[in-house]
Amino acid sequence: MRRGETRYVVTCEHGGNRVPAPLRKHFTRHAVLLSSHRGWDPGALMLAKRLAKTLAAPLHYSTTSRLVVDLNRSPHHRELFSAVTRKLDAAERNRILQLHYQPYRAAVVAAIDAQLAHGARVVHLSAHSFAPRLNGVVRNADVGFLYDPKRCREAILCDAWTRAVVAALPALRVRRNYPYRGSADGLTSALRRRYRAAQYVGIEIELNQALFDDAAHARKVLSTLCHVVAARADQSSAT
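Residues numbered from 1 in each chain as written. Predicted model: local features only at pLDDT ≥ 70, side-chain atom pairs only at ≥ 80, totals over all residues. Heavy atoms only, no water.

A.B. asks: Now, about the overall build of the protein chain: what can you tell me, with residues and values included?
C.D. replies: The number of helices and strands found in the protein chain is six helices and eight strands. Written out in order from the N terminus, the α and β elements of the protein chain read β-α-α-β-α-β-β-β-β-α-β-α-β-α. If you line up the protein chain on its principal axes, its C-alpha atoms span 50 × 40 × 30 Å. Across the 239 residues that make up the protein chain, the buried fraction comes to 52%. Intrachain contacts of the protein chain at a sequence separation of at least 6 include 81% that bridge at least 24 residues. Accessible surface computed for the protein chain: about 11400 Å², of which carbon and sulfur atoms make up 51%. (Helix = DSSP H or I, 4+ residues; strand = E, 2+ residues; numbered from the N terminus. Buried < 20%, exposed > 50% of the residue type's maximum accessible area, 1.4 Å probe, protein only. Contact = heavy atoms within 4.5 Å. Areas by Shrake-Rupley, 256 points an atom, 1.4 Å probe, with all protein chains shown as cover.)

A.B. asks: Give me the lowdown on unusual backbone geometry, citing residues and values where you can.
C.D. replies: Each neighbour pair has its own omega, and for Tyr178 with Pro179 the value is 10°, a cis peptide bond. Relative to the helices and strands, Pro179 is located in the loop between strand E7 (174–176) and helix H5 (187–194). The backbone of Ala56 sits at a positive phi, close to 50°, despite the residue not being glycine. Tracing the chain through its elements places Ala56 in the loop between helix H2 (44–55) and strand E2 (59–61).

A.B. asks: Outline the side chain of Arg105, supporting the account with residue identities and numerical values.
C.D. replies: Structurally, the position occupied by Arg105 is in helix H3 (residues 90–117). No salt bridge is formed by the buried Arg105; its nearest oppositely charged neighbour, Asp185, is found at 6.0 Å. For Arg105, the residues in contact, after removing those within four places along its chain, are Leu71, Asn72, Arg73, Ser74, Gly186, Leu187 and Ala190. (Lys, Arg positive; Asp, Glu negative; His and termini not counted. Salt bridge = Lys/Arg side-chain N within 4 Å of Asp/Glu carboxyl O.)

A.B. asks: Describe the packing of H2 against helix H6 (residues 215–231), listing the residues and the values that go with them.
C.D. replies: Two numbers describe how H2 lies on H6: the axes approach to 10 Å, and their chain directions differ by 40°. Between H2 and H6, the angle falls in the class oblique. Note on packing geometry: the crossing formed by H2 with H6 is right-handed. Of the residues in H6, those touching H2 at Met46, Leu47, Arg50, Leu51, Thr54 and Leu55 are Arg219, Leu222, Ser223, Leu225, Cys226, Val229 and Ala230. Of the residues in the contact of H2 with H6, the class split is nine nonpolar, two polar and two charged. (Axes fitted to C-alpha atoms, helices over the stretch in contact; angles between N-to-C directions. Parallel < 35°, antiparallel > 145°, perpendicular 65-115°, else oblique. Left-handed = near helix turned anticlockwise from the far one by under 90°. Nonpolar A, V, L, I, M, F, W, Y, C, P; charged D, E, K, R; others polar.)

A.B. asks: Quick rundown of the pairing of strand E8 (residues 200–208)? Include the residues and the values.
C.D. replies: Within E8, nine of the nine residues are buried, which leaves the element mostly enclosed by the surrounding structure. The two faces of E8 match: Tyr200, Gly202, Glu204, Glu206 and Asn208 on one face and Val201, Ile203, Ile205 and Leu207 on the other face are all buried. Of the pairings in the sheet, the one linking strand E3 (residues 121–130) to E8 comprises nine bridges and is parallel in character. Bridging from a neighbouring strand, His128 pairs with Glu206 of E8. (Pairing = 2+ DSSP bridges.)

A.B. asks: With reference to specific residues and values, describe the packing of aromatic side chains.
C.D. replies: All told, the structure shown has two aromatic pairs when counted by the stated rule. Ring centres 5.6 Å apart and planes at 55° place the aromatic pair Phe145 and Trp161 in the tilted group. On the criterion of sequence distance, the pair formed by Phe145 in strand E6 (residues 143–146) and Trp161 in helix H4 (residues 152–168) is long-range, its members being 16 residues apart. (Phe/Tyr/Trp six-rings, centres within 6.5 Å; stacked < 30°, edge-to-face > 60°.)

A.B. asks: Let's hear about H6: which residues, and what values?
C.D. replies: The first and last C-alpha atoms of H6 sit 24 Å apart over 17 residues, in line with the 24 Å expected at 1.5 Å per residue. Listed in full, the buried residues belonging to H6 are Ala218, Val221, Leu222, Thr224, Leu225, Cys226, Val228 and Val229. If you follow the buried residues of H6, they end up packed against strand E1 (6–12), H2, E3, E6, H4 and E8. N-capping of H6 is provided by Asp214, with a side-chain oxygen placed 3.2 Å from the backbone N of Ala216. (Expected span 1.5 Å × (residues − 1). Polar contact = N/O pair within 3.5 Å; in protein donor to acceptor, adjacent residues only side chain to side chain.)

A.B. asks: Lay out H3 in plain terms, naming residues and giving numbers.
C.D. replies: Helix geometry: H3 is bent most strongly at Leu97, by close to 40°. Of the residues that open H3, the one with a side-chain oxygen 3.2 Å from the backbone nitrogen of Ala91 is Asp89. Of the residues flanking the end of H3, it is Gly119, one or two places downstream, whose phi is positive at about 85°. (Bend = angle between axes of the 7 residues up to and from the residue.)

Encoded structure:
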């Protein structure tokens, strides 16, 4: 590895809706909720695996439902636990953190630290998906790149990716910092506080879950995203 080389780490915090056996008794009446977008991010793990394979990058993912604990929330966030697990006693919530939340976060940090130790610059891609409609409002995007506008490298990279994806698939609706703000609470935001901008670039890639209604189209979008990301690694070194 050359010093200053860009290396990738890929994560997927909401890759499934599995509930660990000791907690299933609390979810017996919540099957519909678990299968909904509130239980997981359909399609996100597919994207993460494609990205990791294309980029030869380490992949860290969870298939435990976000309704157990949300790995993309900070420990102090009011939505760290769902309405189901928030009712559990403090000891059981602490066990959830110790068994699921803390090991996941530690593994991602270790993967980034390993790349930085060799003098690399890390681009962290966090794969997510969003519901086509939320609270009656239609989301008017197919792909979203979420980043912190204050971090120049992140802005430059997302701008380059947006233009390249639209050039390859003109009908695709690609937006930046939509449907969420990239600087909002999340894993990438927490890691930005840990690492300097020169070391770490954190970007969430959000896919509209409606894309996966057409399997062939979804494969084309995933292929394009992977190609664009792999072809533009050098953009992250811009200042």
